Amino acid sequence: MPAVFVHGNPETAAVWDLLVAELEAAGAAPADLIRLSPPGFGAPLPDGFGATVHEYRDWLIGELTRFAEPVDLVGHDWGGGHVLNAVMSSPDLVRSWVSDTIGVYDPDYVWHELAQRWQTPGVGEADVAERFGAPLERRIATLVERGMGEAVAERVAEGQNEAMGRAVIALYTSATRPVMNELGRDLENAAQRPGLVVLATEDHVVGTVEQRRRGALRAGAGVEVLDGLGHWWMTHDPRRGAEVLTRFWASLDRVG
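Residues numbered from 1 in each chain as written. Predicted model: local features only at pLDDT ≥ 70, side-chain atom pairs only at ≥ 80, totals over all residues. Heavy atoms only, no water.

- You'll find the protein chain entered in an unreviewed UniProt entry as Alpha/beta fold hydrolase, with Streptomyces rhizosphaericus given as the organism.

Written out as structure tokens, the structure reads:
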């Protein structure tokens, strides 16, 4: 059964490196651990691709149709949003889903300070130009300062560029609260497939604990609490993350 991983912002697929290594050490076949890079985030930003929240949903649905069987889908940060948007629209393409981002669909969620900056005309463009145009060492330091594990931050920073900056602005400006509230009205659709919400208690950008638990309840999903871990939990305790995923997937096999 393929396990498909989708990362978010401002990341590349390298954010999964340590977690994937733990899954392989636990016996998962490397060929069954597949990482998809959203356009602009470690993959080219094609001409004509607007990098909106709806276009990323459609991109992921298109990628999932290429698999011969439903997959176990895992998303982090905006990747977790793309996962939920795809599952709400096309649940038949997955066997199960995992997301750490469900809190952003809560009606009471407020975008974090940096997201609001990116949604502000002029301010956002200036921020990404400085952020992604900085020397590599500065980009690494910025990721570490924001909570990413240093070993992974270097690999991720190498993939940050001007195209990622353009994608960031387009994505966030397309995902204002009215848009996210509208998408969140279909959250119950995700209950058509087994789901799991990863709740890192020190992650303060994807909603409160209560908002994430409310989202999980609406989506019919279980909750795994990663006490003491933050937004980039997979870079700080990948073994714990791998245990959460393997336990969830094993429960599906027992049901099946």
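### Structural notes on the pairing of strand β6 (residues 222-226)
- Bridge count between strand β5 (residues 195-200) and β6: five bridges; the pairing is parallel. Within β6, the position partnered with A200 by the bridge is L226.
- In the classification by handedness, the crossover that spans β5, the intervening helix α10 (residues 209-218) and the parallel β6 is right-handed. (Pairing = 2+ DSSP bridges. Helix = DSSP H or I, 4+ residues; strand = E, 2+ residues; numbered from the N terminus. Right-handed = clockwise from strand over helix to strand, strands pointing away.)

### Comments concerning the pattern of salt bridges
- All chains considered together, the criterion is met by 17 salt bridges.
- Ionic pairing is found between D127 and R117, a salt bridge with its closest N-O pair at 2.7 Å. One end of the pair, D127, is in helix α5 (residues 123-132); the other, R117, is in helix α4 (residues 113-118), and 10 residues separate them in sequence.
- Assessed through its relative accessible area of 26%, R117 is described here as partly exposed.
- Of the charged contacts, one joins R185 and E182 as a salt bridge, the two residues approaching to 2.6 Å between their closest N and O atoms. (Salt bridge = Lys/Arg side-chain N within 4 Å of Asp/Glu carboxyl O. Buried < 20%, exposed > 50% of the residue type's maximum accessible area, 1.4 Å probe, protein only.)

### A few points about the nonpolar core
- Within the largest apolar cluster, 51 residues are counted, with the highest numbers of intra-cluster contacts made by Y56, L60, L73, W97, W111 and M180.
- No other element matches the eight residues that helix α8 (residues 162-173) contributes to this core.
- Every residue in contact with L73, bar those within four places of it in the chain, is listed here: V4, V6, L60, L64, V83, V87, V94, S96, W97 and V98.
- Within the second largest apolar cluster, 32 residues are counted, among which are A3, A14, W16 and L245. (Core = buried A, V, L, I, M, F, W, Y, C linked by side-chain atoms within 4.5 Å. Contact = heavy atoms within 4.5 Å.)

### Comments concerning the layout of surface pockets
- Considered as a void within the structure, the largest pocket measures approximately 330 Å³ in volume.
- Lining the largest pocket are 27 residues, and of these D77, H112, R146, V205 and H231 sit closest to its centre.
- Listed by contribution, the elements that provide at least two residues to the lining of the largest pocket are α4, α5 and α6 (136-145).
- Examining the composition of the lining of the largest pocket, we find that three residues originate from one element, α6, more than from any other.
- The residue inventory of the lining of the largest pocket, partitioned by class, reads 13 nonpolar, eight polar and six charged.
- In this structure, the second largest pocket spans a volume of roughly 230 Å³.
- Examining the composition of the lining of the second largest pocket, we find that four residues originate from one element, helix α12 (residues 238-255), more than from any other. (1 Å grid on protein atoms, 1.4 Å probe; cavity = no way out; pocket = protein on both sides within 12 Å on 5 of 7 lines; lining within 4 Å. Points joined across faces, edges and corners; volume = space filled by probe spheres on them. Nonpolar A, V, L, I, M, F, W, Y, C, P; charged D, E, K, R; others polar.)

### Considerations on the sheet that holds strand β4 (residues 94-99)
- Strands sit in the order β2-β1-β3-β4-β5-β6 across an open sheet of six strands; the sheet is parallel. For this open sheet the edge positions go to β2 (33-36) and β6, each flanked by a neighbour on one side alone. Between one strand and the next, the sheet's axes are offset by a mean angle of 20 degrees, whatever the strand orientation.
- As paired strands, strand β3 (residues 71-75) and β4 are joined by five bridges and run parallel to one another. Of the residues in β4, the one forming a bridge with V74 is V98.
- Contacts between α10 and the sheet are confined to β5 and β6, with β5 contributing the most and set at about 175 degrees to the helix. (Axes fitted to C-alpha atoms, helices over the stretch in contact; angles between N-to-C directions.)

### Let's talk about helix α3 (residues 78-89)
- The end-to-end C-alpha distance of α3 is 17 Å, a good match for the 16 Å that 12 residues give at a rise of 1.5 Å each.
- In terms of residue burial, α3 counts as a mostly covered element, since 11 of its 12 residues are buried.
- Residues of α3 that are buried include every one of W78, G79, G80, G81, H82, V83, L84, N85, A86, V87 and M88, and no others.
- Where the residues of α3 are buried, they touch β1 (3-6), α2 (53-64), β3, β4, α8 and α9 (177-184). (Expected span 1.5 Å × (residues − 1).)

### Observations regarding unusual backbone geometry
- The peptide bond linking N9 to P10 adopts the cis configuration, its omega dihedral lying at -5 degrees.
- Locating P10 in the fold gives a position in the loop between β1 and α1 (17-25).
- Positive phi, normally seen in glycine, also occurs at A51, with a value near 60 degrees.
- Among the structural elements, A51 can be located in the loop between β2 and α2.
- Classification of A51 by relative accessible area gives buried; the value is 1%.
- For D77, which is not a glycine, the phi torsion comes out positive at approximately 55 degrees.
- Residue position: D77 is located in the loop between β3 and α3.

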